[in-house]
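Now for the letters of each chain:
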Amino acid sequence: MSVDLVGFVGVALLAYLVPGPDFLVIVRASVRRRALGRAAALGAQTGLCVHMCAAVLGLSVLATRFAYAFTVIKLLGAAYLVYLGVRAMLDARRMPRREDGPRCATDRRSSFLQGFVTNALNPKAALFFLSVLPQFVDRDGPPAGQILLLGVADIVLGIGYWLALVTVAARPRSVLERPAWRRRWERITGGLLIAIGFGVAATE
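Report on the accompanying structure. (Residues numbered from 1 in each chain as written. Predicted model: local features only at pLDDT ≥ 70, side-chain atom pairs only at ≥ 80, totals over all residues. Heavy atoms only, no water.)

The subject of this paragraph is the nonpolar core. Phe 8, Ile 26, Phe 129, Leu 133, Leu 150 and Trp 162 are the most contacted members of the largest nonpolar core, which totals 30 residues. Elements represented by at least two residues in this core include exactly helix H1 (5–17), helix H2 (21–32), helix H3 (34–57), helix H7 (123–132) and helix H8 (143–169). Ranked by residues supplied to this core, first place goes to H8 with eight residues. Excluding anything up to four places from it in sequence, Ile 26 contacts Gly 37, Ala 40, Ala 41, Ala 44, Trp 162, Leu 165 and Val 166. Counting residues in each nonpolar core, the second largest holds nine residues, with Val 25, Tyr 80, Val 117 and Val 200 among its members. (Core = buried A, V, L, I, M, F, W, Y, C linked by side-chain atoms within 4.5 Å. Buried < 20%, exposed > 50% of the residue type's maximum accessible area, 1.4 Å probe, protein only. Helix = DSSP H or I, 4+ residues; strand = E, 2+ residues; numbered from the N terminus. Contact = heavy atoms within 4.5 Å.)

Here is the structure:
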């Protein structure tokens, strides 16, 4: 069995460098607090585990054979992004002042859940495991074990990339603590989330 691990890592890294819903959710959480960005990043990679398990079990192939199942996943993901965008807009209007006290754990759970759901309902992640990943699998070897190996490599690579992004994205926090800038930031990210949500829904 010969898995093209080096080639796969290169392609996977390029996929991470292209901003998508995960990127925006993690950056938005990181700007609020670094711990929240880390929670969102771990949530996103946990959601990626869903796609990996589905690929290993062959569920991804089954979903593509039934177009309505893939469409449902896509629309659910799009609706969730729009929901997050609307929430951001409402937060901009109310502009709550969150402290590092009792609500910190609750905020981390919320950020983790946002990252998880965003990735688990991301049709592009499912397509990556279905169409891109198999190109690096040795056809003469057992596919499940190879998919698992490449999937774990993808998840570990993503954790490193997201944590580096969190460190960079958390730096402007002192600026965004100002109420006016915080409102603008929530409106911008909210608008982007809504736009991405409608874009996902419109794709075929």
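Among the structural elements, Leu 13 can be located in helix H1. Residue Leu 13 is classed as partly exposed on the basis of its relative accessible area, which comes to 34%. Once the C-alpha coordinates of Leu 13 and Leu 157 are considered, the two residues, 144 residues apart in sequence, prove to be 7.5 Å apart.

Our next topic: the pattern of salt bridges. Within this structure, the stated rule accounts for three salt bridges. A salt bridge links Arg 28 to Glu 186; the nearest nitrogen and oxygen atoms lie 2.8 Å apart. With a gap of 158 residues between them, Arg 28 in helix H2 and Glu 186 in helix H10 (residues 179–202) connect regions that are remote in the sequence. There is no split in this pair, since Arg 28 and Glu 186 are both buried. (Salt bridge = Lys/Arg side-chain N within 4 Å of Asp/Glu carboxyl O.)

Time to look at the packing of aromatic side chains. Aromatic ring pairs are reported here in terms of the distance separating the ring centres and the angle at which the planes meet. Applying the stated rule across the entire model yields seven aromatic pairs. Taking 5.9 Å as the distance between ring centres and 45 degrees as the angle between the ring planes, the aromatic pair formed by Phe 8 and Phe 128 counts as tilted. With Phe 8 in helix H1 and Phe 128 in helix H7, this pair connects stretches of sequence that are 120 residues apart. What makes Phe 128 buried here is its relative accessible area of 13%. With centroids separated by 5.9 Å and ring planes inclined at 35 degrees, the aromatic side chains of Tyr 80 and Tyr 83 adopt a geometry described as tilted. Taken together, the residues span about one helical turn, with Tyr 80 and Tyr 83 both in helix H5 (residues 67–94) at a distance of three residues. Among the aromatic residues, those joined into a ring-pair cluster are Phe 8, Phe 128, Phe 129 and Phe 136. (Phe/Tyr/Trp six-rings, centres within 6.5 Å; stacked < 30°, edge-to-face > 60°.)

Let us look at H3. Counted at 1.5 Å a residue, the expected span for H3 with its 24 residues is 34 Å, and the 35 Å between its end C-alpha atoms agrees. Of the residues flanking the end of H3, it is Gly 58, one or two places downstream, whose phi is positive at about 85 degrees. (Expected span 1.5 Å × (residues − 1).)

Within the secondary structure, Asn 119 is located in helix H6 (residues 104–120). In contact with Asn 119, not counting residues within four places along its chain, are Asp 22, Ala 44, Gly 47, Leu 48, His 51 and Ala 125.

Right, let's get into the environment of Gly 190. Note on placement: Gly 190 falls in helix H10. Sequence separation between Gly 190 and Arg 87 is 103 residues, and the spatial gap between their C-alpha atoms is 7.3 Å. With near-sequence residues (within four places) excluded, Gly 190 lies in contact with Gly 85, Ala 88 and Met 89.

Look at H1 against H8: their axes get within 10 Å of each other, and the N-to-C directions meet at 45 degrees. Classified by the angle their axes make, H1 and H8 are oblique. Our pair here, H1 against H8, has a crossing hand that is right-handed. In contact with Leu 5, Phe 8, Val 9, Ala 12, Leu 13, Tyr 16 and Leu 17 of H1, H8 contributes Leu 150, Ala 153, Asp 154, Ile 155, Leu 157, Gly 158, Tyr 161 and Trp 162. Of the residues in the contact of H1 with H8, the class split is 13 nonpolar, one polar and one charged. (Axes fitted to C-alpha atoms, helices over the stretch in contact; angles between N-to-C directions. Parallel < 35°, antiparallel > 145°, perpendicular 65-115°, else oblique. Left-handed = near helix turned anticlockwise from the far one by under 90°. Nonpolar A, V, L, I, M, F, W, Y, C, P; charged D, E, K, R; others polar.)

Here the focus is H2. Taking 1.5 Å per residue, twelve residues should reach 16 Å; H2 reaches 17 Å between its end C-alpha atoms and fits that length. A large share of H2 lies buried, amounting to ten of its twelve residues.

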